[in-house]
Amino acid sequence: MQRKVNITPNQKVTTEDFNNFGAFPRASFDTLHRDAIDHTVKYAGFATVQSAPAEVTVGAGRMYKNGEVFYRDDEGGVSLDMLSDLPAVAKRIAIVVAYGNQVDTDLETRSILTDAATRQIEGQEIATESRRVAYLDVVYGQENATPVAPAISSDFVAVAEVVLTPAGIESIRALTANQLPSVRKNKEAITVINNRLTAIGPELDTAKSNIAGLGAAMRGKANVGFVTDLAIDVANVKEEIGLPDDYTAWGTDHFLTTDEIDTDHPDFNATILEGGRFPYAAQANLPIALNNPLEPKVTVHDNMAVPNFAEQKLLSVTGRDGEYSLADTTIETVEVRELTRTRTVVRYHESQQVCTNSAFWRNGQYDPIEGIFRRAGETYEVENVGNNIERQGLTHWVRVRRYTEEQFEEPFFDRVVNTENVSGSVVGQTILQGSDGYLTSLNLFFTRKAVAGEVHVIISETKAGALDLKRTIARKTLAVADIDADPNGETATNINFGAVPVQKGARYAVVVMSAGAHFLATVEGNKLATGGIFYVQDGEIEQGDANVDLAMEAFFAEFTAPILQVELSPLSLGGGIDMIDINADTTVFEGTRLEFQVLIAGEWKTLSQDDAILATRPEFARFRAMFIGTKDIMPALGVTAARSNVEVSRPGSARTIVSAERTMPAAVTTVTVRVRYENWDDAHNASTVTLLHGAGFNTEVTADASIDTVAPDDAGAMIRELSFTVPSITSFKIKEVGATDDSRFADHVARLAYVAFA
């Protein structure tokens, strides 16, 4: 009890003293209930049953409000008649409510001393009790075919819901969500939970690692589209290649690159884009830009547009069990190699169709990353193609008749990098990432700071579980003045990274580098559980105490909306747009989508879903992006020329392709050429194939015979086989000249193969 009345011998006791005998315990019980049980409006008891066709009876019960207890215990309960409030035609919902009031009651006649001198008394009727009484009433909703419950005042507690019809009561439902839970029931529930945790606790302890491992394993699996393409290609090879026993040499060009094409030949005039295609009649390039530079729906970090978000703390290991001195290890000069965001390439071609040769990106002969994702003017790091192909399960492919989409699913790749040498002592804390998301900022806790020595805070990927600065994904530099330090390690230094995508199942390192003698707070007990401390000593990465972690907090993005439309700068091309090619830095997590739309004739058309979008060849089109995800993960889109390019174009009506020189191992006199044309229409398309040989390849030879057949796998594809007789030669070039009488009917050369005979 918070307060009590003290009485001493021979003390005169006042009326207030006696009243406080009850007031003080009541106040203590109110405080106890409010602090230890529940301060909101709740009820107990008040069982509600139907006692007549339009009447309910409510039993004894208590109503709790801000710690105060109001009760009602009428013998036989309280009857509430609803007959006069029944609906006329449909239904309505009635809510039985309780509310409380404190009243003085139990009137009795008591003797009151009215004259102290004469000791005169008289009888007076007074209230002998102060009660907290609960009152019951009914609040009615509106009559409707689909009725809704009425709004209830915050001073009331809803006890039961009664559904009324013109005939009377249809149903009664106790509103158990408003009942005050008892300590006994809570104890029983806790016992059940503890028993369950004892049974499944070990499995839960390893769930994060298991889920992360599953996410990492799934990224290495080939997708269904790749397996299907591979099966089809193997079947085609078995069925079609049929090389004769006496051939001298053979070759095939799939027109994925210009490696086997003489682009310097004066007659060459074509576009090589997954097929030999008509050159552009008109073309324009522009970066992706926000139509409104102050677009309120997104935040731009490092030229990446990310839907607006709030920060949520998802990792917190704080305290100070010790400290780590950056001066304890040698000063190192290390190469920090910062990776770039990976990309999405989207193409919508109205008059041209997807080429079947795209499956050959995966055969190990070509480099799909440079061939698909490279933007003009970029220098790509040299990478072993075979090893790269082993990672192509990471690439997302969508290919339909007019639309293609390629997406490198890793958030970062190492084909375009920024490299810098940085000096300082190095310490890193590794962390296993359990889910996809965006790291927005970190809190580090410095216990002491030096008078000089900027601090580099780096987020890197890991190699063999240790930090790997050659795969850096984010970096910030702190001046000494930006560091907050206190001896107890309780003051956070916040490092804002904007929005850095991190992937489930991946292990990352938070690396701190500085030549200054700064100290960082550490915690003991392996509280991070999924990582450890590493440092660099004399050029070697070494693991620190496995029981010690750096104190830190990590914040991640929590998005305000799961779907967002953002208008971009419009597209335009004089004479009309037939093709849209988008190459942009992106982050598109599994389960999210980044869609592009254009406004045509007053209707927004989605490039990946709608057909005949550019059939009218508009000269101008509004352009927007659709960000689709969840509150935890959303896509991000690169803006400005540094991170994006949109090419709008229209094809011409004549092309000329000249192959590179074909050198034979021995002289040949007969050459057979097989060309596959796709999106072919006899009424509009024409093609001629010749051989070039002799000095300067100026001698042109026409075919002796030519046979056209419809491709067995595609009624819109034509295979032309040509036979050439040539004098004994050891080298030649193949020339293909294509034309169309309407550029809306644009065929392409999908494959050109030859076999030469002595």
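Residues numbered from 1 in each chain as written. Predicted model: local features only at pLDDT ≥ 70, side-chain atom pairs only at ≥ 80, totals over all residues. Heavy atoms only, no water.

Undergrad: For the nonpolar core, give the residues involved together with the corresponding values.
TA: Of all hydrophobic cores here, the largest spans 42 residues; its most connected members are Ile288, Ile580, Ile582, Phe596, Val598, Leu607 and Leu637. Apart from the residues within four sequence positions on either side, Phe596 is in contact with Ile288, Val346, Ile582, Lys605, Thr606, Leu607, Phe623, Arg624, Ala625 and Leu637. (Core = buried A, V, L, I, M, F, W, Y, C linked by side-chain atoms within 4.5 Å. Buried < 20%, exposed > 50% of the residue type's maximum accessible area, 1.4 Å probe, protein only. Contact = heavy atoms within 4.5 Å.)

Undergrad: Residues and numbers for the sheet that holds strand E38 (residues 603–606), please.
TA: Spatially, 4 strands are ordered E35-E39-E37-E38 in an open sheet, and the strand pairing comes out antiparallel. Two strands close off the open sheet at either side, each with one partner strand: strand E35 (563–572) and E38. Each adjacent strand pair in this sheet contributes to an overall mean axis angle of 30 degrees, direction not counted. Bridge count between E35 and strand E39 (residues 620–628): 8 bridges; the pairing is antiparallel. Paired with Val566 across the two strands is Ala625, which belongs to E39. (Pairing = 2+ DSSP bridges. Helix = DSSP H or I, 4+ residues; strand = E, 2+ residues; numbered from the N terminus. Axes fitted to C-alpha atoms, helices over the stretch in contact; angles between N-to-C directions.)

Undergrad: Can you break down unusual backbone geometry residue by residue, with the values?
TA: Residues other than glycine seldom take positive phi values, yet Ala612 does so here, at roughly 55 degrees. Looking at the element boundaries, Ala612 is found in the loop between E38 and E39. Phi at Arg617 is positive, roughly 50 degrees, even though this residue is not glycine. Residue placement: Arg617 occurs in the loop between E38 and E39. Its relative accessible area of 10% is what places Arg617 among the buried residues.

Undergrad: Residue-level account of the confidence of the model for the chain, with values.
TA: With 85% of its residues at a pLDDT of 70 or more, the chain has an overall mean of 85. The spread of mean pLDDT over the elements of the chain runs between helix H6 (residues 385–390), the lowest at 40, and strand E42 (residues 654–658), the highest at 97. Low pLDDT, under 50, characterises residues 363–367; the predicted model gives this stretch 16 contacts beyond four residues in sequence or across chains. This model gives residues 378–399 a pLDDT under 50, and the stretch forms 76 contacts once residues within four places in sequence are excluded. (pLDDT = per-residue confidence, 0-100.)

Undergrad: For the sheet that holds strand E28 (residues 493–502), give the residues involved together with the corresponding values.
TA: Strands sit in the order E17-E34-E24-E28 across an open sheet of 4 strands; the sheet is antiparallel. Sheet topology places strand E17 (309–317) and E28 at the edges, where each strand pairs with a single neighbour. Taking each pair of neighbouring strands and ignoring which way they run, the sheet shows an average axis angle of 25 degrees. As paired strands, strand E24 (residues 437–444) and strand E34 (residues 552–559) are joined by 5 bridges and run antiparallel to one another. Residue Leu442 lies in a different strand from E34, and its bridge partner there is Ala554.

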